[in-house]
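One-letter residues, chain by chain:
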Amino acid sequence: MKKCGVTMGRFRSVGFTGSPRISDLKRHHVTFEPSEPGRPNDARGLEPSMSVVRPIRHARRTDDASPCRPSPPYFITLLKRGSVRARGVLGSGLLRMALLLFAGIWQTAVAAPAASTSEITHPLSLDQAVQLALQRNADVHSAENALQAAEAARRAAAGKLYPQIKALSWYEVFPTTPALLLPRHMTIPSLSDIAASTPQQSSEKTLSQFRSQFQDSVFNVGLGLSWQLYAGGGLKAGVEGARAEAQAADYQIDYVRQQLTFAVTQTYLGIGVAERSEQAVQASIKHLTEAKSNLQTFVKVGAKPQLDLLRVEARLEQTQQLLADTQAALVTVRGNLRRLLDLDPSGPPLPLVGENEVSGKASAVPTLHVALDGVLAQRPDYQALQSAVEAQHAHLRIAQGARLPEVDLSAKAWEAHGNRTGGPISSWEPDSQIMLSVSLPIFTGGTLRAQVHQQRARLDQMNDRLTSLKQQVRWEVTQAYAQLHAAQVKVDAARAGMRSADEAFQVERQKAAVGTGTVTDLLDAQAADLSAQTSFYQAQAGVRVAVARVELAMGVLDEQLNGAARGVGR
């Protein structure tokens, strides 16, 4: 049997003859080879005591469409089992399970990497293309990473509200004057310790007792706690600012997704227009070729002048040039769709289902008055900028709070170990320290004032941008509705024009076939028919694009998909 381009074959023994005991072998290797034509795929001939290892051979498939890739050699290793005798038959159930497990892992390892890089073979609808772009596009991934970074910054800002605990360790050396390790633990020698025969000896013993409690070096190990109790309101403002920035990043994802959805929609429909235009130009070339053939017959018999034939040939050359331009535009728009789906733009064209229906969707669009009333609450870019303004307010409060006092609490608990050179070594002694500090900036060279001015200027700048964006949003909605109305009217006119031009061209073709029409009328009818067909295809797709532009301007394009990704930073 074949699967993923690899032939699953039979087992056979390698490098072994006879049936000696193999208790002295620590590992036994099995080789798996593809079956040969005319030989059954059985399990006979497997020797579980083989000592020669050979890799799996791969039978590559010749078709380029195979999603499988050659994998590195795999080996099956059997653990040592005492007094195993090679009998030429696979009789171990454990070995069968290992082989089945190996086959599943091997097939998964071969097929899994290819699945992520395989080309799209099934025809894509517009909704499927949008879904695929939202999953693969690098701009969406970049916006999601920005949201994750903003969320991490918010958690870091919230973490500053809690005390910080650290492990401490330090080493002190006193080369000239010894230091007392722990003053409160200093022991006073008793009379029995300093008693001596003479007062001088008693004094020396007393000094010796005290000197033994002073150290040349001290090693300390413990824990430290630091807690910023008040920072002029900067801690709370930092959390609020980080939360607002996370909300702005969340809205930015919605904005990027809607922009991508509109780009895919416009490109997808543009491919359909280009393909239909190509078909229309090809049909026009076919008709002109037939007219040229008929005209050549009339020119030979003298029924038509040579000038008419030259005119038809010139028009045929122009139409062929138009076909080349249309095909070049089709290559461009197809490559753009692949780029939006994070595929190689130079790859083969994607198979598309096509979008032919234009009616029914425009009815879901609300009136212009209703759209303008709620557009600011729905536009993700406006909401993102509004959240950024809130974050900037928090940054301004942080800069203003830097002028206020800061209150910090710190505590340490440690054990110290010291010794005196040449003297006795002291034991570990515990100690602790608690400190409450208050600091107030008096003079900072004008940096605090400059930082306040900087943050206030940025806030004013963002407020101006917010006002400008508000006007731009309302203008985009108004313009989108005007374009939608024009596109709807254009479809009806283009449909009527295409029917009229097609009928006129058919009449002129029939006249030219019997030699009663003029070349000028034929060429004019052909040009009008080609232009009418192209205009109708463009108008038909233009309605869909105009509807998508209205939804984009309102901030509701692809609302369900965007709503699924919303809420991380809120």
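The rules behind the values
Residues numbered from 1 in each chain as written. Predicted model: local features only at pLDDT ≥ 70, side-chain atom pairs only at ≥ 80, totals over all residues. Heavy atoms only, no water. Helix = DSSP H or I, 4+ residues; strand = E, 2+ residues; numbered from the N terminus. Contact = heavy atoms within 4.5 Å. Areas by Shrake-Rupley, 256 points an atom, 1.4 Å probe, with all protein chains shown as cover. Core = buried A, V, L, I, M, F, W, Y, C linked by side-chain atoms within 4.5 Å. Buried < 20%, exposed > 50% of the residue type's maximum accessible area, 1.4 Å probe, protein only. pLDDT = per-residue confidence, 0-100. Phe/Tyr/Trp six-rings, centres within 6.5 Å; stacked < 30°, edge-to-face > 60°. Salt bridge = Lys/Arg side-chain N within 4 Å of Asp/Glu carboxyl O. Pairing = 2+ DSSP bridges. Axes fitted to C-alpha atoms, helices over the stretch in contact; angles between N-to-C directions. Parallel < 35°, antiparallel > 145°, perpendicular 65-115°, else oblique. Nonpolar A, V, L, I, M, F, W, Y, C, P; charged D, E, K, R; others polar. Patch = residues over 30% accessible without salt bridge, like charges linked within 9 Å, V, L, I, M, F, W, Y side chains within 5 Å. Lys, Arg positive; Asp, Glu negative; His and termini not counted. Polar contact = N/O pair within 3.5 Å; in protein donor to acceptor, adjacent residues only side chain to side chain. Expected span 1.5 Å × (residues − 1). Left-handed = near helix turned anticlockwise from the far one by under 90°.

Regarding the overall build of the protein
Turning to step 1, where the next piece is worked out: Along its length, the protein carries 12 helices and 10 strands.
Turning to step 2, where the next piece is worked out: Of the contacts made within the protein by residues no fewer than 6 positions apart, 83% connect residues no fewer than 24 positions apart.
Turning to step 3, where the next piece is worked out: For the protein, the accessible surface area stands at approximately 32,600 Å², while carbon and sulfur atoms represent 55% of it.

Looking at the nonpolar core
Turning to step 1, where the next piece is worked out: With 85 residues, the main nonpolar core has Val 264 and Leu 341 as its most contacted residues.
Turning to step 2, where the next piece is worked out: For this core, the secondary structure elements donating two or more residues are α2 (126–136), α3 (138–159), α6 (234–300), α7 (306–340), α8 (368–378), α9 (380–401), α10 (447–514) and α11 (519–554).
Turning to step 3, where the next piece is worked out: Looking at which element gives the most residues to this core, the answer is α6, with 18 residues.
Turning to step 4, where the next piece is worked out: Leaving out residues up to four positions away in the same chain, Leu 341 has contacts with Ile 120, Leu 124, Ala 129, Leu 132, Ala 133, Arg 136 and Leu 350.

Structural notes on the confidence of the model for the protein
Regions with low pLDDT should not have their predicted coordinates read in detail.
Turning to step 1, where the next piece is worked out: On average, residues of the protein score 76 in pLDDT, and 68% of them are at 70 or above.
Turning to step 2, where the next piece is worked out: Per-residue pLDDT stays below 50 along residues 97–102; that stretch engages in six contacts with residues further than four places along the chain or on separate chains.
Turning to step 3, where the next piece is worked out: Segment residues 104–117: pLDDT under 50, and 19 contacts once partners within four positions in sequence are set aside and those in other chains are kept.

Observations concerning unusual backbone geometry
Turning to step 1, where the next piece is worked out: The residue Asp 342 is not glycine, and still its phi comes out positive at about 60°.
Turning to step 2, where the next piece is worked out: Within the secondary structure layout, Asp 342 lies in the loop between α7 and α8.
Turning to step 3, where the next piece is worked out: We classify Asp 342 as partly exposed; its relative accessible area is 43%.

Considerations on the packing of aromatic side chains
Turning to step 1, where the next piece is worked out: Under the criterion given, the structure shown has two aromatic pairs.
Turning to step 2, where the next piece is worked out: Here the aromatic rings of Trp 170 and Trp 414 are separated by 5.6 Å at their centres, their planes lie at 55°, and the arrangement is tilted. Taken as a pair, Trp 170 in strand β5 (residues 164–173) and Trp 414 in strand β9 (residues 406–419) lie far apart in primary sequence, 244 residues in all.
Turning to step 3, where the next piece is worked out: Judged by its relative accessible area of 23%, Trp 170 falls in the partly exposed class.

Some thoughts on the pattern of salt bridges
Turning to step 1, where the next piece is worked out: Summed over the entire model, instances satisfying the criterion amount to nine salt bridges.
Turning to step 2, where the next piece is worked out: Of the charged contacts, one joins Arg 379 and Asp 381 as a salt bridge, the two residues approaching to 2.8 Å between their closest N and O atoms. Asp 381 matches Arg 379 in its accessibility class, with the two residues each being buried.
Turning to step 3, where the next piece is worked out: What you see here is one network of salt bridges that share partners, running through Arg 379, Asp 381 and Glu 476.

Considering the pairing of β5
Regular strands place side chains that alternate from one sheet face to the opposite one.
Turning to step 1, where the next piece is worked out: The element β5 is largely exposed, with a buried count of zero among its 10 residues.
Turning to step 2, where the next piece is worked out: Across 10 bridges, β5 lies against strand β8 (residues 217–231) in antiparallel orientation. Counted as the bridge partner of Ser 169 is Val 221 from β8.

Observations regarding the packing of α3 against α6
Turning to step 1, where the next piece is worked out: Between α3 and α6, whose axes approach to 8 Å, the crossing angle comes to 170°. Overall, the two elements α3 and α6 adopt an arrangement that is roughly antiparallel. Facing α3, whose interface residues are Asp 139, Val 140, Ala 143, Glu 144, Ala 146, Leu 147, Ala 150, Glu 151, Ala 153, Arg 154, Ala 157 and Ala 158, α6 presents Gly 238, Val 239, Ala 242, Arg 243, Glu 245, Ala 246, Ala 249, Asp 250, Ile 253, Val 256, Arg 257 and Leu 260.
Turning to step 2, where the next piece is worked out: Its residues assigned to classes, the contact of α3 with α6 comprises 15 nonpolar, one polar and eight charged.

A word on a nonpolar patch on the surface
Turning to step 1, where the next piece is worked out: Taken together, Tyr 171, Val 173, Phe 219, Val 221 and Trp 428 make up a surface patch of nonpolar side chains, about 480 Å² in accessible area.
Turning to step 2, where the next piece is worked out: Secondary structure elements with two or more residues in the nonpolar patch: β5 and β8.
Turning to step 3, where the next piece is worked out: Looking at where Phe 219 falls in the secondary structure, it is placed in strand β8.

Some thoughts on the environment of Ala 416
Turning to step 1, where the next piece is worked out: Relative to the assigned elements, Ala 416 resides in strand β9.
Turning to step 2, where the next piece is worked out: The class for Ala 416 is buried, based on a relative accessible area of 2%.
Turning to step 3, where the next piece is worked out: Remark: the alpha-carbon pair of Ala 416 and Asp 431, spanning 15 residues in sequence, is separated by 7.5 Å.

Re the environment of Leu 440
Turning to step 1, where the next piece is worked out: With respect to the element layout, Leu 440 can be found in the loop between β10 (429–439) and α10.
Turning to step 2, where the next piece is worked out: For Leu 440, a relative accessible area of 51% corresponds to the exposed category.
Turning to step 3, where the next piece is worked out: C-alpha of Leu 440 to C-alpha of Pro 405: the two residues are 35 residues apart in sequence and 4.4 Å apart in space.
Turning to step 4, where the next piece is worked out: If we skip the residues at most four places from it in the chain, Leu 440 touches Arg 403, Leu 404 and Pro 405.

Notes on the side chain of Arg 315
Turning to step 1, where the next piece is worked out: Assignment of secondary structure puts Arg 315 in helix α7.
Turning to step 2, where the next piece is worked out: The side chain of Arg 315 sits in the buried core without any salt bridge; Asp 524 is the nearest counter-charge, 4.9 Å away.
Turning to step 3, where the next piece is worked out: Of the polar contacts made by the side chain of Arg 315, one reaches the backbone oxygen of Leu 523; its length is 2.8 Å.
Turning to step 4, where the next piece is worked out: Non-local contacts of Arg 315, meaning those with residues more than four positions away in its chain, are made with Leu 288, Leu 523, Gln 526 and Ala 527.

Thoughts on α7
Turning to step 1, where the next piece is worked out: Given a rise of 1.5 Å per residue, 35 residues ought to cover 51 Å, and the 52 Å separating the end C-alpha atoms of α7 matches this to within 8%.
Turning to step 2, where the next piece is worked out: One or two residues past the end of α7 sits Asp 342, with phi positive at roughly 60°.

Things to note about α6
Turning to step 1, where the next piece is worked out: An ideal rise of 1.5 Å per residue puts 99 Å on 67 residues; α6 measures up with 96 Å between its terminal C-alpha atoms.
Turning to step 2, where the next piece is worked out: Within two residues after α6, Gly 302 carries a phi angle of roughly 85°, on the positive side.

Focus: the packing of α6 against α10
Turning to step 1, where the next piece is worked out: For the pair α6 and α10, interaxial distance at closest approach is 9 Å and the crossing angle is 25°. In this view, α6 runs roughly parallel relative to α10, as classed from their interaxial angle. For the crossing formed where α6 meets α10, the hand is left-handed. When α6 is examined against α10, the residues His 287, Glu 290, Asn 294 and Phe 298 are found in contact with a partner set consisting of Phe 505, Arg 509, Ala 512, Ala 513 and Val 514.
Turning to step 2, where the next piece is worked out: A per-class count over the contact of α6 with α10 returns five nonpolar, two polar and two charged.

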